[in-house]
2 protein chains.
Amino acid sequence: MKGIRMESFGNPVSTETLLSARERALVALETLVSRSGAGSEFTGWLDLPQDITSKDIEAYKECAQEWRGLDYVVVIGIGGSYLGAKAALDLLQDNFADFRKNDTPHLIFAGFNMSEQYMTDLLNLLKGKEFGLIVISKSGTTTEPAVAFRILRSALEESAGKEVARKRIIAVTDGAKGALRQMVEKYGYRSFVIPASVGGRYSVLSPVGLLPLAMAGVDIESMLNGAKQAMASLLEWNEENPAVVYAATRNALYESGYKVELLTSYRPDARNFTEWWKQLFGESEGKGGKGIFPASAIFTTDLHSLGQFIQDGSKILFETNLVTDEKGGEIMMQQMDDDSDSLNYLAGKSLEQVNATARKGVLSAHVSGNVPNINIETGAIDAATLGELFIFFEISCGISAYMLGVNPFDQPGVEQYKKNMFALLGKPGYKQN
Amino acid sequence: MKGIRMESFGNPVSTETLLSARERALVALETLVSRSGAGSEFTGWLDLPQDITSKDIEAYKECAQEWRGLDYVVVIGIGGSYLGAKAALDLLQDNFADFRKNDTPHLIFAGFNMSEQYMTDLLNLLKGKEFGLIVISKSGTTTEPAVAFRILRSALEESAGKEVARKRIIAVTDGAKGALRQMVEKYGYRSFVIPASVGGRYSVLSPVGLLPLAMAGVDIESMLNGAKQAMASLLEWNEENPAVVYAATRNALYESGYKVELLTSYRPDARNFTEWWKQLFGESEGKGGKGIFPASAIFTTDLHSLGQFIQDGSKILFETNLVTDEKGGEIMMQQMDDDSDSLNYLAGKSLEQVNATARKGVLSAHVSGNVPNINIETGAIDAATLGELFIFFEISCGISAYMLGVNPFDQPGVEQYKKNMFALLGKPGYKQN
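Predicted, not measured: the structure shown is a model, and the values here were computed from it. Throughout this description, residue numbers start from 1 for each chain and increase along the sequence as written. Chains and ligands are labelled by the order in which they are written, letters from A for the one and numbers from 1 for the other. Only residues with pLDDT of at least 70 are given local features in this predicted model, and only at 80 or more are side-chain atom pairs given and counted; all residues enter the totals for whole chains, interfaces and linings. The side-chain numbers reported here are obtained from all heavy atoms of the structure, hydrogens and water having been left aside.

Student: Just checking my understanding: could you explain helix H1 (residues 15-33) of chain B for this structure?
Tutor: All names here are of chain B. Helix and strand definitions follow DSSP, with helices as H or I runs of at least four residues and strands as E runs of at least two, each counted in order from the N terminus. What a helix is expected to span follows from its residue count: subtract one and scale by 1.5 Å. Over its 19 residues, H1 runs 27 Å from end to end, which matches the ideal 27 Å to within 8%, given 1.5 Å per residue. Taken as a whole, H1 has its buried residues at Ala21, Arg22, Ala25, Leu26, Ala28, Leu29 and Leu32. When H1 is viewed along its axis, its buried side chains cluster within an angular range of 165 degrees and face the same direction. Turned more than 90 degrees away from the buried face of H1 sit Glu16 and Val27, all of them exposed. Where the residues of H1 are buried, they touch helix H10 (220-234), helix H11 (242-255) and helix H15 (383-404). Think of it in three bands: residues with accessible area under 20% of the maximum for their type are buried, residues over 50% are exposed, and the middle band is partly exposed, with areas taken using a 1.4 Å probe on protein chains only. Picture the helix axis, draw a direction to every C-beta atom, and the arc is the one those directions span. We call two residues in contact when some of their heavy atoms are within 4.5 Å.

This is the structure we're talking about:
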């Protein structure tokens with residue numbers, strides 16, 4: 001971990017406007033830190049890294065140890081209840097982990113969709129295998145995970161018997177109330193608590209993210225340590241604080257008419273990290289007719305799909321690039337006698353060097369195409385850096401939403417479709433309009 | 001296959017404007033069909049479904065038969081050289097195909113990024129395994145696939161010996177020129193031709209998509225038949241032609257200020273289909289400072305991330321929903337004695353019914369939030385329907401770009417970053433500014 005650096009390129013906003021945005025960002029930071037703003041009852045995530053005790057960590061690891069011999073651990077959750085763990089897992093494990101037997105059970109995610117095909121395929125996969133369920137839901141009544149849990153619990157009870165099944169279910173839920181808490185009490189499932197003051201999209205460093213990651217053998221202490229250090233430095237009332245600068249810059253760009261932010265990475269395994277980021281910012285900012293639309297791209301892959309638009313299409317977007325400082329050097333381009341592919345000019349360079357050079361070429365090309373760019377530079381991706389990045393984006397998201405004048409911690413707009421759906425499904429208490 | 005239906009909801013554009021957009025769309029269709037517009041030398045994809053002969057299909061299948069016993073087939077390509085096959089494969093195979101041994105080799109994609117970690121993990125995966133390479137590149141000098149091919153070819157030659165390796169490489173490339181064609185001639189690799197008149201993002205129904213899909217056991221005849229039928233009906237000069245209506249509707253929305261189109265699906269395995277669509281439209285339209293920014297979402301998953309923004313955030317987007325008519329009925333929600341999860345009201349409904357009902361609830365919610373919606377309805381997803389969908393989007397994309405006054409078939413904007421990158425890498429003939 002070497003600390004986060006932020007740099008802007010091709011920003012068309014005047015220095016005065018940027019400085020005034022930084023002043024506003026500092027005010028927003030103060031609102032966040034003093035827990036005096038809208039939704040302050042949901043700022044418990046500010047305490048998470050230090051509130052997770054070594055006893056908590058021990059408890060997650062014991063579960064992991066006990067389930068080590070299983071083939072699969074199915075993690076049931078949606079939105080903030082799966083994206084953080086999925087994001088971290090993809091970045092920290094082998095790109096082809098699904099293809100082989102590992103020391104730890106394969107983590108499989110479910111309850112984040114209602115596709116019958118997906119569930120059919122999953123039930124087929126689990127047939128004759130040893131598996132456990134981690135069900136993550138604060139209320140226990142969110143439709144997707146509740147439905148998946150009902151189906152998968154039956155499958156587990158059928159295959160392993162009720163008594164074994166009881167030991168192969170862990171609930172991560174509210175400490176006192178909700179349907180899942182009641183089931184824990186009724187059936188004696190093991191359980192971990194999501195603090196009432198932590199909302200879904202800010203919950204990755206609670207058992208929501210940490211328990212599944214422990215199951216997969218991720219070094220969660222390092223992740224928490226990275227998060228702790230980041231929390232200390234990124235809450236500082238300081239104009240150079242990168243979380244403040246990032247929030248101020250994106251807000252100033254938004255005010256200047258840039259309505260879409262494209263988070264990019266040059267690592268294919270960062271795809272789900274960008275999905276986590278999209279939820280964080282989209283749900284926190286997108287309200288009251290406001291907000292930057294969060295989109296993402298993996299480069300160089302998507303230069304061959306979105307690159308044309310970015311370079312030369314409608315001027316509605318700016319790019320924020322996750323620049324990770326990978327070591328590389330394991331794969332060196334070789335000189336070959338036969339240079340039919342005309343690649344000998346790369347001989348002696350590592351693949352990582354070529355990738356990093358592409359990044360530099362893209363940055364200057366897009367800036368010359370009048371696309372503002374922001375680099376967020378970190379050290380190489382490991383558990384600690386990820387802990388830091390989660391905190392960096394959570395803090396800058398809180399600041400950003402307060403700058404926009406919206407509550408960073410609610411999501412009133414997701415209720416409408418649920419009401420319609422419940423009415424159409426005939427759920428008691430809901431009526432069709 | 002039951003034909004594509006298109007329906008609009010909550011469209012704020014006046015009927016007059018929409019009708020006039022349809023007139024312009026018909027003119028654009030005529031330009032496309034008569035091959036008289038910009039880039040007409042790249043309209044060879046209009047002939048693809050009927051130009052692929054049964055002899056061609058036989059040849060793909062022979063390769064598949066010969067390689068059937070391999071563990072892996074690595075498909076090397078980027079952009080249009082991998083997205084179509086990946087999109088179709090995900091939709092047609094088991095959601096968990098990676099986790100188990102199948103009758104056919106696992107297809108693995110490479111050369112679509114330059115991540116050293118990805119390549120390191122891939123080389124580890126291939127160690128001690130039997131594998132073949134399909135390298136897809138019209139020119140043979142696109143950096144990403146050329147680099148991957150150089151590395152993987154060496155690995156194959158090392159593990160299987162030069163003579164076996166030669167038989168385990170198939171090139172899909174230009175018929176006459178380019179680096180890869182030269183290597184085919186020099187080393188005697190098997191090869192298939194990408195017609196000169198077919199550009200990358202319109203090439204899925206050429207050997208670019210068909211050969212990998214045949215390797216994975218996909219019914220490519222059905223796919224081509226679906227495409228043929230679609231080509232016949234969707235090129236008709238008819239105001240109700242759904243390709244015309246779709247192009248006209250999205251163009252009218254764009255002219256009214258909607259700058260972002262969100263393609264949605266309720267199937268998690270459609271993620272890469274949306275990526276294929278993003279390349280098709282983004283690269284075809286995004287030029288001259290114009291174009292709709294193509295984004296995508298998988299529901300209900302992303303209702304728990306982007307849903308808030310869509311419902312209640314900046315009013316810059318409209319949604320296009322892929323509505324597939326899945327049969328379902330294999331997983332029925334059960335009545336349970338213990339209704340702790342309060343889901344008994346769903347008893348007797350299939351999971352697919354619940355998913356479809358969510359879709360209806362979402363549509364009315366988003367429309368009431370002033371988000372225009374377009375439904376593109378097809379039959380259940382199978383190879384034929386996919387063939388039809390590919391053609392539907394290709395034709396409507398050609399029409400859309402002509403309506404916008406841009407060339408649907410070039411991508412001049414992707415050259416700038418390459419020039420910068422080559423200069424930074426010291427490629428002969430390129431100089432740093």
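Student: Help me understand the environment of Gly387(A), please; the structure alone is not making it clear to me.
Tutor: Residues and elements named next belong to chain A. Position of Gly387 among the secondary structure elements: in helix H15 (residues 383-404). For Gly387, a relative accessible area of 0% corresponds to the buried category. Residues Gly387 and Asn225, 162 residues apart in the sequence, show an inter-C-alpha distance of 7.4 Å. When near neighbours in sequence (up to four residues on either side) are disregarded, Gly387 contacts Leu205, Met223, Gly226 and Ala227.

Student: Please explain the domain arrangement of chain A as it appears in this structure.
Tutor: Put simply, an interface is often sized by how much accessible area is lost when its parts join up. Residues and elements named next belong to chain A. With domains assigned, chain A is organised as domain 1 (5-39 + 224-404) and domain 2 (44-220). Here the limits of each domain have been adopted from an automatic or database domain assignment. Centre-to-centre separation of domain 1 and domain 2, based on C-alpha positions: 29 Å. Sorting the residues of the side of domain 1 that touches domain 2 by element identifies helix H10 (220-234), helix H12 (271-285) and H15 as the ones contributing at least two each. For the side of domain 1 that touches domain 2, the leading source of residues is H15, giving nine residues.

Student: Looking at this structure, I do not really get the pairing of strand S7 (residues 260-265) of chain B. What am I missing?
Tutor: Remember that side chains alternate between the two faces of the sheet whenever the strand is regular. Residue and element names in this part refer to chain B. Within S7, six of the six residues are buried, which leaves the element mostly enclosed by the surrounding structure. Judged by which residues are buried, S7 turns out to be covered on both faces: Val260, Leu262 and Thr264 on one side and Glu261, Leu263 and Ser265 on the other are all buried. Where S7 meets strand S8 (residues 293-298), six bridges bridge the pair, whose relative direction is parallel. Note that in S8 the partner of Leu262 across the bridge is Ala295. Handedness is read with the strands pointing away from the viewer; a crossover is right-handed when the path from the first strand over the helix to the second is clockwise. Running through helix H12 (residues 271-285), the crossover from S7 to the neighbouring parallel element S8 is right-handed. Any two strands with at least two DSSP bridges between them are considered paired.

Student: Even after reading the chapter, I still don't get the nonpolar core, so can you show me in this structure?
Tutor: Most often, soluble globular proteins have nonpolar side chains that are buried together. Counting residues in each nonpolar core, the largest one holds 310 residues, and the members touching the most others are Phe293(A), Phe393(A), Phe293(B) and Phe393(B). The contact partners of Phe393(B), leaving out residues within four places of it in the chain, are Tyr246(B), Leu263(B), Phe273(B), Trp276(B), Trp277(B), Leu280(B), Phe281(B), Leu322(B) and Ile376(B). The set of buried Ala, Val, Leu, Ile, Met, Phe, Trp, Tyr and Cys residues whose side-chain atoms join them within 4.5 Å is what this entry labels a nonpolar core.

Student: Where do I start with the interface of chain A and chain B in this structure?
Tutor: Taken together, the contact pairs 125 residues of chain A with 125 residues of chain B. Summed over both partners, the interface of chain A with chain B buries about 10400 Å², with 64% contributed by carbon and sulfur atoms. When two parts are brought into contact, each loses some accessible area as probed by a 1.4 Å sphere; the total of that loss over both is the buried area. Among the residues chain A hides against chain B, the three largest losses belong to Glu116(A), Arg150(A) and His304(A). Together they make up 9% of the total. What makes a salt bridge here is a side-chain nitrogen of Lys or Arg within 4 Å of a carboxyl oxygen of Asp or Glu, nothing more. Put simply, chain A and chain B have ten salt bridges between them. The partner of Arg271(B) in a salt bridge is Glu275(A), and the shortest N-O contact between them spans 4.0 Å. Identification of polar contacts relies on pairs of N or O atoms within 3.5 Å, with a donor-acceptor requirement for protein atoms, meaning one able to donate a hydrogen and the other able to accept it, and with residues adjacent in sequence counted only if both atoms are side-chain atoms. Joining chain A to chain B, the criterion identifies 54 residue pairs in polar contact (both at pLDDT 80 or more).

Student: Mind showing me how you'd approach the relation of the copies chain A and chain B here?
Tutor: Each copy of the chain is related to the other by a rotation around an axis and a translation along that axis. What sets the superposition is a least-squares fit of C-alpha atoms, and only residues with pLDDT of at least 70 in both copies go into it. Mapping chain A onto chain B leaves a residual RMSD of 0.0 Å; the transformation is a rotation of 180 degrees accompanied by 0.0 Å of translation along its axis. Given the turn and translation reported, the copies of this chain are related as if by a two-fold rotation axis. Among all residues of chain A, the one whose C-alpha sits closest to the rotation axis is Phe99(A), at a distance of 2.7 Å. Interface residue correspondence from chain A to chain B reaches 100%, placing this contact among same-surface, isologous pairings.

Student: What's the story with the packing of aromatic side chains in this structure? I'm lost.
Tutor: Any pair of aromatic rings gets described here by the distance separating the centres and the angle formed by the planes. Residue and element names in this part refer to chain A. Only Phe, Tyr and Trp rings are paired, with Trp represented by its six-membered ring, and only when their centres lie within 6.5 Å; those with planes under 30 degrees apart are stacked, over 60 edge-to-face, the remainder tilted. For the coordinates displayed, the defined rule picks out 52 aromatic pairs over all chains. Plain terms: the ring middles of Phe112 and Tyr118 are 5.5 Å apart, the flat faces sit at 75 degrees to each other, and that makes the pair edge-to-face. By relative accessible area, Phe112 is classed as buried at 12%. According to the relative accessible area criterion, Tyr118 is buried, its value standing at 9%. Seen from their ring centres, Phe149 and Tyr189 are 6.4 Å apart, and the 75 degrees between their planes marks the pair as edge-to-face. A residue pair is termed long-range when its members are at least 10 positions apart, and Phe149 in helix H6 (residues 143-160) and Tyr189 in the loop between helix H8 (179-187) and strand S6 (190-194) qualify at 40 residues. Clustering of aromatic rings is evident, with ring pairs tying together Tyr246, Phe273, Trp276, Trp277, Phe281, Phe390, Phe392 and Phe393. Of note, Lys259 hangs over the ring of Tyr254, and the distance from its end group to the ring centre comes to 4.3 Å. Charge over a ring is defined by NZ of Lys or CZ of Arg lying within 6 Å of the ring centre and within 35 degrees of the ring normal.

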